[in-house]
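# Inside the fold
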Amino acid sequence: MNRIAHRRGWLPLLLAGTFVAALPAAAVADGTPIDPELPTPTLLAGTDCGSESNPAWHALSIFTPEGMTVSIGIPRSTVNGVTNQGVVHAWDVDGSQTADGSADGLPVAYQSVYVPLPLADGHTYAWDASTYNGTAYSEATAPCYFRTDASPPVTPVVTNPDFPPAGGPGTPTKAAWQPSTFSFSSSADPLPAGCTEAGAPDCQSSGLDHFAYAWDQEPGIGAATVPADAQGKGSVTAALDWGVHTLYVVGVDAAGNESQSPAAYTFTVPWQLPPPNPTTLDLTAPAKAARAVQLTVSGRLSAAPYATGEAVHVVKSDLAHPAGVALPDALLAADGTFRITDVPQTGGANTYTVTYPGDSTHQTVTASTTVQVSRSATAVSMTTNATSYSYGATAKVTAHLGTTYDGRTLAIYAQPYGGRTTLLKTGTVDSHGNLATSYKITRKTTFTAAFAGDDRYAPATDVRTVAGYAQVSESLSGYYGSTHYGSVVYRVYHHTAKATLNATITPDKAGQCVRFQTQRYYGGTWHTQSTSSCRTLDTKSTADATPGLTMTVNSKFRVRAEYVHSSKDPGNLSTWGAWQYFTVRQ
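Residues numbered from 1 in each chain as written. Predicted model: local features only at pLDDT ≥ 70, side-chain atom pairs only at ≥ 80, totals over all residues. Heavy atoms only, no water.

### Notes on the overall build of the chain
To keep it simple, the criterion reads: Going along the chain from the N terminus, every DSSP run of H or I of four or more residues is numbered as a helix, and every run of E of two or more is numbered as a strand. In this setup the radius of gyration rests on C-alpha atoms only. A globule is expected at 2.2 Å times the number of residues raised to 0.38. Burial classes: relative accessible area under 20% of the type maximum marks a residue as buried, over 50% as exposed, and values in between as partly exposed (1.4 Å probe, protein chains only). In this analysis, two residues are considered to be in contact whenever any of their non-hydrogen atoms come within 4.5 Å of each other. Accessibility throughout is a Shrake-Rupley quantity obtained with a 1.4 Å probe, and a residue counts as covered only by protein chains that appear here. Counted as positive: Lys and Arg. Counted as negative: Asp and Glu, with His and the chain ends omitted from the count. Throughout, a charge is located at the NZ atom of Lys, the CZ atom of Arg, the CG atom of Asp or the CD atom of Glu.
A count of helical and extended segments in the chain gives 0 helices and 43 strands. The C-alpha atoms of the chain give 55 Å as radius of gyration, which overshoots the globular expectation for 586 residues (25 Å, by more than 25%). Principal-axis analysis of the C-alpha atoms gives the chain an extent of 180 × 60 × 40 Å. Residues classed as buried in the chain amount to 42% of the 586 residues present. Long-range contacts, defined as pairs at least 24 residues apart, comprise 68% of the intrachain contacts of the chain with a sequence gap of at least 6. Total accessible area on the chain is roughly 28900 Å²; 52% of this is exposed by carbon and sulfur atoms. Here the chain contributes 34 positively and 43 negatively charged side chains, and the mean placements of these two sets differ by 48 Å.

### Looking at the pattern of salt bridges
Selection rule: One side-chain nitrogen of Lys or Arg within 4 Å of one carboxyl oxygen of Asp or Glu is enough to make a salt bridge.
Tallied over the entire structure, the rule returns 5 salt bridges. Here Lys 316 ties to Asp 342 by a salt bridge, and the two come within 3.0 Å at their closest N and O atoms. Within this pair, whereas Lys 316 is found in strand S20 (residues 311-318), its partner Asp 342 is found in strand S22 (residues 337-342), the two being separated by 26 residues in sequence. Its relative accessible area of 11% is what places Asp 342 among the buried residues. With a shortest N-O distance of 2.6 Å, Lys 509 and Asp 569 are connected by a salt bridge. With Lys 509 in the loop between strand S36 (500-506) and strand S37 (513-522) and Asp 569 in the loop between strand S41 (556-564) and strand S42 (575-576), this pair connects stretches of sequence that are 60 residues apart. Accessibility assignment for this pair places Lys 509 and Asp 569 in one class, buried. What you see here is one network of salt bridges that share partners, running through Lys 316, Asp 318 and Asp 342.

### Focus: the nonpolar core
Under the convention used in this document: Only buried residues count toward a nonpolar core. Its members are Ala, Val, Leu, Ile, Met, Phe, Trp, Tyr and Cys residues joined through side-chain atoms within 4.5 Å.
Core analysis: the largest hydrophobic core is formed by 21 residues, its most contacted members being Leu 281, Leu 301, Val 312 and Phe 338. Counting only elements with at least two residues in this core, the list comes to strand S17 (281-284), strand S19 (295-301), S20, strand S21 (321-331), S22, strand S23 (348-356) and strand S24 (365-373). With 4 residues, the top contributor of residues to this core is S24. Contact partners of Val 312, with chain neighbours within four places excluded, come to Leu 301, Asp 329, Ala 330, Leu 332, Phe 338, Val 354, Thr 355 and Tyr 356.

### Some details on unusual backbone geometry
Note the cis peptide between Ala 304 and Pro 305, where omega equals 10°. Within the fold, Pro 305 resides in the loop between S19 and S20. Looking along the chain, the bond that leaves Thr 506 and enters Pro 507 is cis, with omega of 0°. Despite not being glycine, Asp 216 has its phi angle at roughly 65°, a positive value.

### What about the state of the cysteines?
Condition: Any two cysteine sulfur atoms lying within 2.5 Å of each other are counted as a disulfide.
Summed over all chains, the structure comprises 3 disulfides. Each sulfur in the disulfide pair Cys 195 and Cys 203 lies 2.0 Å from the other. Given an S-S torsion of about -80°, the disulfide between Cys 195 and Cys 203 has left-handed geometry. By relative accessible area, which is 16% here, Cys 195 ends up buried. We classify Cys 203 as buried; its relative accessible area is 11%.

### Description of the sheet that holds strand S10 (residues 157-159)
How we decide: Only when DSSP finds a minimum of two bridges between them are two strands counted as paired. Here an angle of 0 to 180 degrees is reported between the N-to-C directions of two axes, which are lines fitted to C-alpha atoms, with helices fitted over the stretch in contact.
Spatially, S10-S11-S14 is the arrangement adopted by the 3 strands of the open sheet, whose pairing is antiparallel. Two strands lie at the open edges of the sheet, namely S10 and strand S14 (233-238), each paired on one side alone. Mean inter-strand twist for the sheet, computed between neighbouring axes without regard to direction, equals 20°. Taken together, the 3 bridges between S10 and strand S11 (residues 180-185) define a ladder with antiparallel strand orientation. Bridge pairing in S11 places Thr 159 opposite Ser 183.

### A closer look at the environment of Lys 568
Note that Lys 568 resides in the loop between S41 and S42. A relative accessible area of 70% places Lys 568 in the exposed class. Taking the C-alpha atoms as reference points, Lys 568 and Gln 512, separated by 56 residues in sequence, lie 8.1 Å from one another.

### What about the packing of aromatic side chains?
Let me state the cut-off plainly: Planes of paired rings set the category: under 30 degrees apart is stacked, over 60 is edge-to-face and the rest tilted, where pairs are Phe, Tyr or Trp rings (Trp by its six-membered ring) whose centres lie within 6.5 Å.
Under the counting rule described, the total for this entry stands at 20 aromatic pairs. Ring geometry for Phe 557 versus Phe 582: centroids 5.3 Å apart, planes at 15°, classification stacked. Here the residue Phe 557 occupies a position in strand S41, and Phe 582 occupies one in strand S43 (residues 580-585), the gap between them amounting to 25 residues. Phe 582 carries the same exposure label as Phe 557, and that label is buried.

### What to know about the sheet that holds strand S29 (residues 422-428)
Read from one edge to the other, the open sheet built from 5 strands follows the order S26-S32-S31-S28-S29, with strand pairing classed as mixed. Each end of this open sheet is capped by a strand with a single partner; those strands are strand S26 (388-389) and S29. Pairing of strand S28 (residues 409-416) with S29, which is carried by 6 bridges, proceeds in the antiparallel orientation. Counted as the bridge partner of Thr 409 is Thr 428 from S29.

### Considering the pairing of strand S40 (residues 542-545)
Of the two faces of S40, the one holding Ala 543 and Ala 545 is buried and the one holding Thr 542 and Asp 544 is not buried anywhere. Bridge analysis of S36 against S40 gives 4 bridges, and the strand direction is antiparallel. The residue bridging Leu 501 from the neighbouring strand is Ala 545, located in S40.

Printed below as a string of structure tokens:
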């Protein structure tokens, strides 16, 4: 027959050995003549019938070597009581062989038809069915295509990270009722004998489809299954009671063949895990290292041994990454040792924080070590617009920053003698590298310019100290009037009065020294009459002097006070007050 058609469908292939009828001679003819009025056989609903482009898979073990049996519904005749026959034509798609089988119509819904077509592993076959009434054939059914697979998958391999196999090394890392994942893997489904390339003609293999598994017994009908992925892997997660368990797993290919023997993974689930061992972590690293050059940090965990694959986590913090950045995990050797290599790009303190997360037998532990990575030097300098200042005068301070990488910020501080350090200004230097500010001077003051450093340049500072004069405030008392000589105001005293010069020193210099100087004008110039010895400033930082006025009628005088700096007061320089002018009258 030549009845190849294309239709996707399903039809079961039945085991040989059921009742079959002899094939009539007409069945071996070419299937003609065709009577279009003759009904075609029916196929059992929901049965396995593949298409030419997508043949169904069948395990060869369900056929006898000599042939195959299919089930069809043969129409019963209603004309002249003729008994119709069902005729099945089958062929190897490679064209190597064909065969036919038939059965008489009986008063049953479906009958088995045996076709003596020998089936071979990896081949693709097709068949169709017609009704024969002794003189003509019906139209044939659409062909059903199928492939055969006689090779069972390789027995899977079972692994689990938490429960080592019985008799093997290691100890459980989980206890009863804790979820754990068991992984399955199997190699490719074997090819038919004599085949070297999958998919070649007559070298078809259905491929691993899924895994069937059962706990503490071999998987049977209705066993639980998990699909196999493209790499031949699958897994199942379970939380088990304590005790000894065996997980049985078989691989099943798309044709339904199962592994010849199941994998048996026997293991023990403890009631509870023992407490983990106390763990210490020692790190060794160089104190200093060059930037952009590889360095090594080595470490050792106590309480060895450690399982293969365990690792420590590493986080490095530096000026560019103050919150830290993760480095690759470092694998542990069985004795608990490990090595970390890094090429630091940021200068300054590089801190390596190493954490071991712990396992069922070891506690979590963390340790850190710091390596000072080299940075280039830069220059910071300072200038002021003077070296000493009157009390309350304003100093202009300028700081200069040299070459850096990406940090261009300076900070300027002031510390008056005996006082606290104050931040005057912080900011980015200008295009010339300068940052300027001002400060009111009341005593000796030290200015500091500071560069905090950047990724590649080290911190730098410069210091400049300026001197400050004290403030001497003066006033005359005891006079009865005022007069002018030129533009200068003179206080007028009676020759019997006492002229008193009052002096106040700022800042407070109580207990320190002040002296007074008196000059008289004659002969066209001023002449020093007297300079007092040291007068101690009182608790209000004041002192006074009273020059004698007898025998001085109509004379002009001037007087002033000087604060005298001593080793007890390095804060201010010695300072003269302004001249105070007076004259004496009868």
